Each structure stands twice: as C-alpha cells, then as structure tokens.
Amino acid sequence: MNLEIITPEKNVFNGEVDSVILPGKNGQFQVLKDHAPMVSTLKTGDLVYEIGNKKETILVDGGVLQVFNNKVLVLAEAVV
C-alpha cells in the first residue's frame, strides 16, 4: 500500500509500505493492506511504517489520516 506523509511545509514521505502504526486520538492503531476506508485524527506520537523487515519511525505532532483504496494519506501538523 502507498503511504504519503505531508506537512504544511513539505512532503515528508511517499512510498510503498507493508504496514503503518499511527498515534490515534483514542489510542494507537495499525493499518495493513486492504484496510477498510477510514478517517481519523492523530495526536502527537510515533508513526511507524514497515517495509520488509525494516521499520522507520517519524514523530508526528498531530494531524489527520485518510485510508482509501490501499492509500494512507497523513496530513500532519508537523514532524520532529
């Protein structure tokens, strides 16, 4: 699935990933391929994406998320 992370200042990441773990307002959750469409708010915390056996972590400072047709779009207020 495709993950795109955008802030008002820049495009942070755009690429194919196997999974994404996100800091939702009501708790951490994971998105995998073929996830149902959804929209969620994000709190400050670690966004972790996995490509193969490699994990990368980005600290996001809130924002919103949309999942649709194997595309995860994160509109973050900022990344640290």
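Up top you'll find the structure we're talking about.
Cut-off values and rules
- Residues numbered from 1 in each chain as written.
- Predicted model: local features only at pLDDT ≥ 70, side-chain atom pairs only at ≥ 80, totals over all residues.
- Heavy atoms only, no water.
- Helix = DSSP H or I, 4+ residues; strand = E, 2+ residues; numbered from the N terminus.
- Pairing = 2+ DSSP bridges.
- Axes fitted to C-alpha atoms, helices over the stretch in contact; angles between N-to-C directions.
- Buried < 20%, exposed > 50% of the residue type's maximum accessible area, 1.4 Å probe, protein only.
- Contact = heavy atoms within 4.5 Å.
- Polar contact = N/O pair within 3.5 Å; in protein donor to acceptor, adjacent residues only side chain to side chain.

Student: What is the right way to look at the environment of Asn-26 in this model?
Tutor: Tracing the backbone shows Asn-26 in the loop between strand 3 (19-24) and strand 4 (27-32). Sequence spacing of Asn-26 and Lys-43 is 17 residues, and the spatial spacing of their C-alpha atoms is 8.6 Å.

Student: Would you mind showing me how to read the sheet that holds strand 4 here?
Tutor: Sheet strands associate in pairs through backbone hydrogen bonding, adopting either a parallel or an antiparallel arrangement. With respect to topology, seven strands assemble into an open sheet ordered 2-1-7-6-5-3-4, the strand pairing being mixed. Edge positions in the sheet fall to strand 2 (11-16) and strand 4, since each has one partner strand and no second. Taken over all neighbouring pairs, the strand axes of this sheet differ in orientation by 30 degrees on average, direction set aside. In this sheet, strand 2 lies alongside strand 1 (residues 2-6) in antiparallel orientation, the contact comprising five bridges. When the sheet's bridge partners are listed, Ile-5 is paired in strand 2 with Phe-13.

Student: Whenever I open this one, the pairing of strand 7 (residues 71-76) confuses me. Can you help?
Tutor: Along any regular strand the residues' side chains alternate between the sheet's two faces. As paired elements, strand 1 and strand 7 share five bridges and run parallel to each other. Each residue of the ladder has a partner; that of Leu-3, found in strand 7, is Val-72. Pairing of strand 6 (residues 54-68) with strand 7 involves six bridges; the strand directions are antiparallel. Residue pairing in the sheet places Val-64 in a bridge with Leu-75 of strand 7. Hairpin geometry of strand 6 and strand 7 is characterised by an intervening segment of two residues between the two adjacent antiparallel strands and by a positive phi of about 50 degrees at Asn-69.

Student: I would appreciate a short explanation of the side chain of Glu-4 in the present structure.
Tutor: Structurally, the position occupied by Glu-4 is in strand 1. Residue Glu-4 is classed as buried on the basis of its relative accessible area, which comes to 15%. Apart from residues lying up to four places away in sequence, Glu-4 is in contact with Phe-13, Asn-14, Lys-71, Val-72, Leu-73 and Val-74.

Student: Which parts of the structure should I look at to understand the environment of Phe-13?
Tutor: Mapped onto the elements of the fold, Phe-13 is located in strand 2. Sequence separation between Phe-13 and Leu-73 is 60 residues; the distance between their C-alpha atoms is 10 Å. Ignoring anything within four residues of it in the chain, the contact list for Phe-13 reads Leu-3, Glu-4, Ile-5, Tyr-49 and Ile-51.

Student: Hey, could you run me through the side chain of Asn-2 in this one?
Tutor: You can see Asn-2 is positioned in strand 1. Given a relative accessible area of 16%, Asn-2 falls into the buried group. Only 3.1 Å separates the side chain of Asn-2 from the side chain of Asn-14, close enough to count as a polar contact. Apart from residues no more than four positions distant in its own chain, Asn-2 is found in contact with Asn-14, Gly-15, Glu-16, Asn-70, Lys-71 and Val-72.

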